[in-house]
Amino acid sequence: MKYDFLDTEVLARLGAIPLESRSSMIGNVAGRHRSPHRGSSVEFAEYRKYVPGDDTRRLDWKAYARSDRYYIKEFEADTNLRAYFVIDSSGSMNFSSADHPSKIDFARRIAATLSYLIVNQGDSVGLSCCNEKIHLEIPPSRRPAQLQAIFESLQDLRPEGETGLIPALHQIAEKTQQRALIIILSDLFLDTEELGSALQHLRFRKHDVALFHLLDPQEIDFHFQRPHRFIDLEDGSTIVAEPQLITEEYHLALREFLENVEKKCHDIHADYHLLQTSADYEEIISHFITSRLTKKR
Amino acid sequence: MSFLSQPILWGLFAAAIPVIIHLLNRRRFRTVKWAATSFLLRASRQSRGKKKLRHFLILACRTLAIAALIFAVARPLIGGFLGARSGSINTAILILDRSASMETKAASGQPSRRQNALTQISEAIKKAGSPRLLLIDSASGKLHEVPDPQALSELSLTSATDTEADIPDLLIKAVDYLDEAAPGQAEIWLASDLQRNDWKPSDPRWGAIRAGLEALPSQANLRILTSADEDVENLTLQLLSSRRIGDKMLLDLKLTRRKGTGDLAVPLTFSFKGARSSERITIHGQELQFQKHIPLSPKDTQGYGWVSLPPDNNPRDNSIYFAFGDQKPLKTCLVTEDPSSASSTYLHKAATAAGLQSAACEVLTPTQGSQIDWANASLIIWHAPLPAGTIASQLTRFVNSGGSALFLPPSETGHQAIFSSSWGDLHTPPQGQFFITGNWIKDEGPWQNGQNNSPMPLGQIRAIQRRSISGTGSSLAEWDDGSPLLYRQLEGQGSAVFMSTLPDERWSNLEFTALHLVAIQRLLEKGSDRLHADYRAIAGRKKAHTQGDEVRERLDHLEPFDPALESYRSGVYRLGERTLAVNRPPGESQAERIDRSTLEQLLKDSPYTLFENENTQTRLIAEAWRAFLIAVLLFLLAEALLCLQPKATGPPLRARKASPQPSSTP
């Protein structure tokens, strides 16, 4: 395979597990995902009184025999999943330490693998990349050719500039009319209050939100021995600091930030995953998929 | 504090290494591209106060650890004696007090103050880098170079003596040497017990000493090593006077006790003509003055002996020596205006009383003053207007040499004064009344209590005339109105006594009470003491040294004979034709010391330090490198503790790494 971020063995192993949406989806084709509409699946939903105009074929005659009343037997409708990847391609995503992959590489692997799995199970997938603004947008599609477009886009993705994830999320929330699974991949170096507001907006539009929070191990440990000049990857500003003096405060600030992000996600029932780029992405995807199976509502 | 390896202290610059490394590290930063700069900014803003303080403390601990290590390697010396020395010295002048009081020990078996000082100074010299050592000992008063300071305590120049020390004189010699020789960085070390008698705080030479110390080219430190004023048990026997009177030898002895006030029976050993006898004397309180009579036969034209106490904490003040020769007549010279007067007759009779064998009294008028036998007289009774001119000068010299003078009221007052005293007006009591005695001193003077401690009957004195006395002396007896009856002016080794009334029925009933007789006989005895002085000497004084071709021979065998020390030690010696009983100077029996404030006054503005060694085993200086090594360890330990990160400051490890964790919500 010509894409570095795809591993056929991983795809083969993960292909057996279906990706589920935790909320009902509205799709235009039948699928394996629950729909808010009543349909013709085998799963019973409810009884309701017959009203003129209803299809008489759906009358439950057995109920009529027992109660002498006309009841319509309704079944759950199954539809397809519409997944939408939002990748933060700001400069900060380009950070990597030691021999770990950069955050953008890690995001590529997760997005590509999940896209493959989603399309492979007959669902739609789309992609949106943003830095200061959304610079790449691939509408969701369930066609196999969609994967080619997504992979090509991921391959060509170059992180730069400052992050514009918040307006991008608001924009996506507005633009995406139908319910969708919004999968966000970012380091979230932005204002947590605004992030909470954007996630709330997505949730308001009844989207299922999953958030992969990507951090490099060095960003978490902050293990430096001697004074360093830190150059900001987004705006190029510099800070000269003595790590020995500020490590404790750095850890405190980071801990507070992570707690805030997690709390915002929890408030809107978003699926939050804090990841280090040193982790095994197969395990992460596997855990993501299986956890959704158990939490399906 | 001083250092044995002072050049190593240059290594203290190494203490700046942590600071230099810190500064270099600050300058030599690495550049790294970073994403989470918002946290860096926030952390940098919050990293103030405690953090920086801790960082500086860590830096200080590292710096101090290196400094303490350098100090330890430089072998620091601490101690009050050399501890505050700045820089090394190349010459030390040791002034050693070898007086008898320096032989006092803290306890039996302990070294004496002198031995202790010598041991400690030998050690101090070694640790001070063995500078050139010059010794001025108090006995010889001369400056000697000591080639081997470690053998200091074995030199005869540092041995025990019975002499006294003249500390001002020794200090002047040291200052003069430093002024003349200018040996460079030098110090004066003075080992003494601060005995007042040796230090002579009222001596005018102290001003010159202070000026000399300040004027030295290189300010020489004066370091005084003394022992603490231990309250040790010690008995001191002192010979106040010894004289032959007729067929007996009279010894006036004084026993002093340093500690305790209760009754103490002291066995005294007397040795005379090779025979020894013992007698127990009970001392009550701290001082006992008593008289010992040793009977002599007419054949005893010459003799000697000694009296000693049992050994105690100062063996050098336990014995006294005496010697005597041919008996000399007790001669009195009565100078009177009217040799035929009743008072002159009574006075003549008193001076030649039956109890005084071979006593003679020569009666002269004031105009015959040139005929007075000053050389052989013991007592001058002056019953005439006070003398002036040559006679007054001769009389003064006579009293200074130990003779006694008794002045009685003249008929006319006159304007002369002698011994800072003069006669005043004549007084008579109101009609039908008498002058009667008031208080008098009972333990000394011509009217002191008798041998059985019974007081003199001064209450019987009735006077109808008296002449007032004015002067700077002290009253030994007073009339009931406080004016002096018997007045004394001490002058040199003798005394001048004024009596304000006469043994004459027109003046008083003294001839009836015979109290004038008592006074005259006691003054005569006292004055005769100087005639026996040919047989007495003070240890260390010129008289105790051999003169010309004299050969010294020790007659008593109380101590082994040491030719190098005998000029400075008590004993009975034959020096050529002379027989001498050499005793300690009287001042050495006085334990009084000068206190710190007095010392401060004596050496005011002079660079001196006083090291008082409270424990006789205490070393003057000690190497303190162990303390500095401990300090190094403590600083490193403190640095390690400060470098430890608190547990709560670890990174937030909740992010997923390699294994699945339930880190997702909801």
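Nothing here was measured: the structure is a model prediction, and the numbers come from that model.

**Things to note about the overall build of chain A**
Consideration 1: The secondary structure content of chain A amounts to nine helices and ten strands.
Consideration 2: The 297 residues of chain A split such that 45% are buried.
Consideration 3: Residue pairs in contact within chain A that sit at least 24 positions apart in sequence constitute 77% of those at least 6 positions apart.

**Quick notes on the overall build of chain B**
Consideration 1: Regarding its fold elements, chain B presents 13 helices and 32 strands.
Consideration 2: For chain B, buried positions account for 40% of its 666 residues.
Consideration 3: Look at the contacts in chain B between residues 6 or more apart in sequence, and 77% of them connect residues 24 or more apart.

**Thoughts on helix 8 (residues 342-351) of chain B**
Residues spaced three or four apart along an α-helix face the same direction, because each turn holds 3.6 residues.
All names here are of chain B.
Consideration 1: Looking only at helix 8, the buried set comprises Ser-343, Ser-344, Tyr-346, Leu-347, Ala-350 and Ala-351. Viewed along the axis of helix 8, the buried residues span an arc of 165°, placing them on a single side of the element.
Consideration 2: Contact partners of the buried residues in helix 8: strand 16 (330-336), strand 17 (359-364), strand 18 (377-383), helix 10 (510-513) and helix 11 (515-528).

**Examining helix 7 (residues 205-215) of chain B**
All names here are of chain B.
Consideration 1: All buried positions along helix 7 are accounted for by Trp-206, Ile-209 and Leu-213. Each buried residue of helix 7 lies within a common arc of 55° when the element is viewed along its axis, so the set occupies one face. More than 90 degrees from the buried face of helix 7, the exposed residues found are Gly-207, Ala-211, Glu-214 and Ala-215.

**With respect to the packing of helix 3 (residues 103-120) of chain A against helix 4 (residues 144-156) of chain A**
To describe two helices that pack against each other, one gives the angle between their axes and the distance between the axes.
All names here are of chain A.
Consideration 1: For the pair helix 3 and helix 4, the least separation of the axes is 10 Å and the interaxial angle reads 175°. In terms of axis orientation, helix 3 runs roughly antiparallel to helix 4. Contacts between helix 3 and helix 4 involve Arg-108, Ala-111, Ala-112, Ser-115, Tyr-116 and Val-119 on the former and, on the latter, Pro-144, Gln-146, Leu-147, Ile-150, Phe-151 and Leu-154.

**Side note on the sheet that holds strand 25 (residues 484-491) of chain B**
All names here are of chain B.
Consideration 1: In space, the nine strands of this open sheet follow the order 17-16-18-19-26-25-24-21-22, with mixed pairing throughout. Because the sheet does not close on itself, it has two edges, and the strands there are strand 17 and strand 22 (462-463).
Consideration 2: Here strand 19 (residues 404-407) runs beside strand 26 (residues 494-499); their pairing, made up of four bridges, is parallel. The residue of strand 26 that forms the bridge with Ala-405 is Ala-496.
Consideration 3: Lying over the sheet, helix 11 contacts strand 16, strand 18, strand 19 and strand 26, oriented at roughly 140° with respect to strand 18.

**Here's the deal with the environment of A:Arg226**
Consideration 1: Following the sequence through the fold, A:Arg226 ends up in the loop between helix 7 (217-221) and strand 8 (228-232).
Consideration 2: Since 12 C-beta atoms lie within 10 Å of it, A:Arg226 is described here as exposed.
Consideration 3: When the C-alpha atoms of A:Arg226 and A:Glu242 are compared, they prove to be 6.5 Å apart, with 16 residues separating the residues in sequence.
Consideration 4: The residues contacting A:Arg226, other than those within four sequence positions of it, are B:Asn25, B:Phe29 and B:Arg30.

**Re the environment of B:Ile464**
Consideration 1: Among the secondary structure elements, B:Ile464 is positioned in the loop between strand 22 and strand 23 (466-471).
Consideration 2: Apart from residues lying up to four places away in sequence, B:Ile464 is in contact with B:Thr428, B:Pro429, B:Phe434, B:Trp507 and B:Ser508.

**Looking at unusual backbone geometry**
All names here are of chain A.
Consideration 1: One non-glycine residue, Leu-188, adopts positive backbone phi at about 55°.
Consideration 2: Residue placement: Leu-188 occurs in the loop between strand 6 (181-186) and helix 6 (192-204).
Consideration 3: Of the residues examined, Leu-188 has 24 C-beta atoms within 10 Å and is grouped as buried.
Consideration 4: Positive phi outside glycine occurs at Phe-222, with the angle close to 50°.
Consideration 5: Residue placement: Phe-222 occurs in the loop between helix 7 and strand 8.

**Topic: the interface of chain A and chain B**
Consideration 1: In this complex, chain A contributes 50 residues to the contact, which on the side of chain B involves 37 residues.
Consideration 2: Listing elements by their share of the side of chain A that touches chain B, those giving two or more residues are helix 7, strand 8, strand 9 (238-241), helix 8 (243-267), strand 10 (271-276) and helix 9 (281-294) of chain A.
Consideration 3: If you tally residues by element for the side of chain A that touches chain B, the top one is helix 8 of chain A, at 15 residues.
Consideration 4: Taken together, the residues of the side of chain A that touches chain B break down into 25 nonpolar, twelve polar and 13 charged.

**Re the packing of helix 8 of chain A against helix 2 (residues 37-46) of chain B**
Consideration 1: Interaxial distance between helix 8 of chain A and helix 2 of chain B falls to 8 Å at its minimum, and their mutual angle equals 130°. Taken together, the axes of helix 8 of chain A and helix 2 of chain B are oblique relative to one another. Once helix 8 of chain A is placed against helix 2 of chain B, the crossing between them reads as right-handed. Across the interface between the two elements, A:Ile246, A:Glu249, A:Tyr250, A:Ala253, A:Leu254 and A:Phe257 from helix 8 of chain A touch B:Phe39, B:Leu40, B:Arg42, B:Ala43, B:Ser44 and B:Gln46 from helix 2 of chain B.
Consideration 2: Among the residues forming the contact of helix 8 of chain A with helix 2 of chain B, the class breakdown is eight nonpolar, two polar and two charged.

**Quick notes on the pairing of strand 5 (residues 132-137) of chain B**
All names here are of chain B.
Consideration 1: Of all six residues in strand 5, five are buried, a share of seventy percent or more.
Consideration 2: For strand 4 (residues 91-96) and strand 5, the ladder comprises six bridges, and the chain directions are parallel. Bridge pairing links Leu-94 to Leu-135 in strand 5.
Consideration 3: One crossover worth recording links strand 4 to the parallel strand 5 by way of helix 4 (residues 113-127), and it is right-handed.
Consideration 4: By the bridge criterion, four bridges tie strand 5 to strand 6 (residues 143-146) in an arrangement that is antiparallel. Bridge assignment links Ile-136 to a residue of strand 6, and that residue is Leu-143.

**Remarks on the sheet that holds strand 30 (residues 578-583) of chain B**
All names here are of chain B.
Consideration 1: Taken in spatial order, the four strands of this open sheet run 27-30-29-28, and their pairing is mixed. Of all strands in the sheet, those bounded by a partner on one side alone are strand 27 (536-538) and strand 28 (552-554). Sheet twist, expressed as the mean angle between neighbouring strand axes with direction ignored, is 35°.
Consideration 2: Sheet analysis places strand 28 next to strand 29 (residues 571-575), joined by three bridges and oriented antiparallel. The partner of Glu-553 across the bridge, within strand 29, is Arg-574.

**Observations regarding the environment of B:Ser108**
All names here are of chain B.
Consideration 1: With respect to the helices, strands and loops of the structure, Ser-108 is situated in the loop between strand 4 and helix 4.
Consideration 2: For Ser-108, a count of 10 C-beta atoms within 10 Å puts it in the exposed group.
Consideration 3: Sequence spacing of Ser-108 and Glu-233 is 125 residues, and the spatial spacing of their C-alpha atoms is 9.9 Å.

**Some points on the confidence of the model for chain A**
Consideration 1: Confidence in the prediction for chain A averages 84 pLDDT; 88% of positions are at 70 or higher.
Consideration 2: Mean pLDDT across the elements of chain A ranges from a minimum in strand 1 (residues 33-49) of chain A, with 62, to a maximum in strand 6 of chain A, with 93.

**Details of the nonpolar core**
Consideration 1: Core analysis: the biggest nonpolar cluster contains 82 residues, and A:Val86, A:Ile110, A:Ala111, A:Ile182, A:Ile183 and A:Leu185 have the highest contact counts within it.
Consideration 2: Ranked by residues supplied to this core, first place goes to helix 3 of chain A with eleven residues.
Consideration 3: Beyond its immediate sequence surroundings of up to four residues, A:Ile110 is in contact with A:Leu185, A:Phe212, A:Tyr281, A:Ile284 and A:Ile285.
Consideration 4: Counting 51 residues, the second largest nonpolar core, distinct from the first, contains B:Phe407, B:Phe435, B:Ala463 and B:Trp479.

**Quick word on the confidence of the model for chain B**
All names here are of chain B.
Consideration 1: Summing up the model confidence of chain B, the mean pLDDT is 84 and the portion of residues at 70 or higher is 90%.
Consideration 2: Overall, residues 658-666 carries pLDDT values under 50, and its contacts beyond four positions in sequence, including any with other chains, amount to 19 contacts.
Consideration 3: Predicted complex, confidence summary: ipTM 0.76, pTM 0.52.

About the criteria used
- Each chain has its residues counted from 1, following the order in which its sequence is written.
- Lettering for chains starts from A, numbering for ligands starts from 1, and both go in the order in which the items are written.
- Note on the predicted model: pLDDT of at least 70 is required for a residue's local features to be given, and 80 or more for side-chain atom pairs to be given and counted; whole-chain, interface and lining totals, by contrast, use all residues.
- Each helix is a run of DSSP H or I of at least 4 residues and each strand a run of E of at least 2, with the numbering of both proceeding from the N terminus.
- To sort residues by exposure, count the other C-beta atoms lying within 10 Å of each residue's C-beta; 20 or more gives buried, 12 or fewer gives exposed, and values between give partly exposed, all with C-beta atoms placed from the backbone.
- Placing C-beta atoms from the backbone, we regard two residues as in contact once those atoms come within 7 Å.
- The arc in question is traced by the directions running from the helix axis to the C-beta atoms.
- A fitted line through C-alpha atoms represents every axis, and for helices the fit uses only the stretch in contact; the resulting angles, taken between N-to-C directions, go from 0 to 180 degrees.
- The cut-offs work like this: below 35 degrees is roughly parallel, past 145 is roughly antiparallel, 65 to 115 is roughly perpendicular, and the gaps in between are oblique.
- The pairing criterion for strands is at least two bridges between them, as found by DSSP.
- Here the term charged refers only to Asp, Glu, Lys and Arg, the term nonpolar to Ala, Val, Leu, Ile, Met, Phe, Trp, Tyr, Cys and Pro, and the term polar to all other amino acids, Gly among them.
- The handedness criterion is simple: a crossing whose near helix is rotated anticlockwise from the far helix by less than a right angle is left-handed, and one whose near helix is rotated clockwise is right-handed.
- The crossover handedness rule: strands pointing away from the viewer, path from first strand over the helix to second strand clockwise, crossover right-handed.
- Values of pLDDT, ranging from 0 to 100, describe the predictor's confidence in every residue of the model.
- The nonpolar core criterion groups buried Ala, Val, Leu, Ile, Met, Phe, Trp, Tyr and Cys residues into a set whenever they are joined through C-beta atoms within 7 Å.

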